[in-house]
Amino acid sequence: MTVQLRSFKDVYGQVFVKMVKTLCLVSAALLAGCQAGTTAASAQDAAAGKQQEQAVPADCSEGQSPLSQKMSSGATWSLCFSVDPKLGMVLSDVAFAPPGAEPIKLISSMSLAQLEVPYDDGGRMTSDITTAGFGGPNMHSLTETECAGDLLEHPIPTIGDGKKFGKIVDRPVLCSDMVDAGLSYRSGEVGELLAKRKDDWQLSTISKVGWYEYINQITFGADGTIRPSLGATGDLSPADYSDKDHGSAVGEGQQDHASSHSHNAVWKIDWALGGEAGQQIEQYDTRSTGKEGKHSPVVEGKYTKIASPATGRWKDSRWWKVSAPSLLNEDGHVMSYEIDMGKTDSFTFVDDARNHQPSEQGAGSGTEEIGYDVAFTNADECQVYATYNRGGCGRGVLDYVKDQKRQKLDDVVSWVAVGYHHVPRDEEQSPMEVHWQGFNLVPRDLTATRIDPPEERKDLNGQPDNWDGQMPPEEE
């Protein structure tokens, strides 16, 4: 089903149903056809209602389309969708409303900020966001094959932004899909099974740049988790074949070596937790103390505040927290979101390596290398792209960090870099199987307990006074 985003289809569907029912009363001769029309309209309205069960946000700007979705947990997501000629999909005013609570505004805007694809033999390197762009004609129309959910139309310019040249055409470019996300929880204590499944809301577009076709997807979980990800499919480059040191043999024998390459992606998240300012950043690390407890080694966890713009590298057991000290949950804990890298092939942008020295790395980085897995700056409208940025605010993220190093982090923007080193396989001819890269934004203390506890656990908050369930066996 294709839905035009610029209309409130759930409202129009209800009006259409009422009109059909009225016609049925006027003419008995048309009764059979009217009943069929009423049934079809009701089905149409129900399908639209599945995607928009709650009122959409009313404050989206011109060129943006409002979307909202109620989840299996009873929570509701709301946001504004738009398409930028270069950035592609942009989501703004992202808010999450726990069941029965007011929406919590989380993010002012989020999008990809660069995708660099350097080939291992040095023969090719593209910066797909700034050179080609993920919007405009590069953003392809979708069909029911690519989208099992609702196809949503949006006005897309044929040239640039469509203001001077070309025209603007409504095309089905956004897939809005509700998918089963598996088990949400299970607890089998004292002979009582508590279990529930959950769903995810996936918003995705597809952009074709060269021989690659990219699925730009952002998944919103029933628990408040956000998962930005990038899938790559299409075809191996027909022009980039090298040797065994820089690629992998595909085809018969050892003659055709498709060149290995990297997909270096950076996402930009402009936070709004607690308002347009007042956020703070902390880095969490664990370390072994070298001490032994009664049953296991003693490990300590520590937060380190990042007070000014900086870059950081990911390692095991490290993550970052974006918090709003002015926002407290019902337990009195500061509301925050955790940036969880999960898995990345860390990288340094080719453009950064060519235009910066190791000594220019951001304040507090504690590293002599150029590059980052995450960076934090203060919001600046001029700072759009991770590399090849235009304007007087710097060429890219490393410049943003350097120029703001004396500022206090307050209106926080996160730049999250996730790399994927692609070594071709025989199975990728052709087309290639989709490969994915991405990260997680996980709510931390956004609510005092889980947002949808079963009735039997609604009063459990903190250490139980009496626990009748099974305890783990003692180590001998």
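What counts and what doesn't
Residues numbered from 1 in each chain as written. Predicted model: local features only at pLDDT ≥ 70, side-chain atom pairs only at ≥ 80, totals over all residues. Heavy atoms only, no water. Disulfide = S-S within 2.5 Å. Helix = DSSP H or I, 4+ residues; strand = E, 2+ residues; numbered from the N terminus. Buried < 20%, exposed > 50% of the residue type's maximum accessible area, 1.4 Å probe, protein only. Phe/Tyr/Trp six-rings, centres within 6.5 Å; stacked < 30°, edge-to-face > 60°. Lys NZ or Arg CZ within 6 Å of the ring centre and 35° of its normal.

Visitor: When you look at the state of the cysteines in this model, what are you seeing that I'm missing?
Guide: In total, this model carries three disulfides according to the counting rule given. Disulfide pairing places C60 opposite C80 at an S-S distance of 1.9 Å. One quick way to see it: the torsion about the S-S bond of C60 and C80 is about -90°, and its sign makes the bridge left-handed. Separated by 20 residues along the polypeptide, C60 in the loop between α2 (31-51) and β2 (65-70) and C80 in strand β3 (residues 76-84) bring together distant segments of the chain. You'll find C60 and C80 in the same group, each marked buried. One disulfide in the model links C147 with C175; its S-S distance is 2.1 Å. Taking the sign of the S-S torsion, about 80° here, the bridge from C147 to C175 comes out right-handed. One end of the pair, C147, is in the loop between α3 (128-131) and β7 (150-157); the other, C175, is in strand β8 (residues 168-189), with 28 residues separating them in the sequence. Of the two residues, C147 and C175, both sit in the buried class.

Visitor: What should I look at first to understand the packing of aromatic side chains in this one?
Guide: Two numbers describe a pair of aromatic rings. These are the distance of the centres and the angle of the planes. Counted under the stated rule, the structure contains eleven aromatic pairs. For the pair W77 and F96, a centre-to-centre distance of 4.7 Å together with 50° between the ring planes defines the contact as tilted. Here W77 is found in strand β3, whereas its partner F96 is found in strand β4 (residues 88-97), with 19 residues between them in sequence. Residues W77 and F96 agree in their burial class; the two are buried. Clustering of aromatic rings is evident, with ring pairs tying together W77, F96, W201 and F220. Directly above the ring of Y303 sits K321, whose terminal nitrogen or CZ lies 4.2 Å from the centroid.

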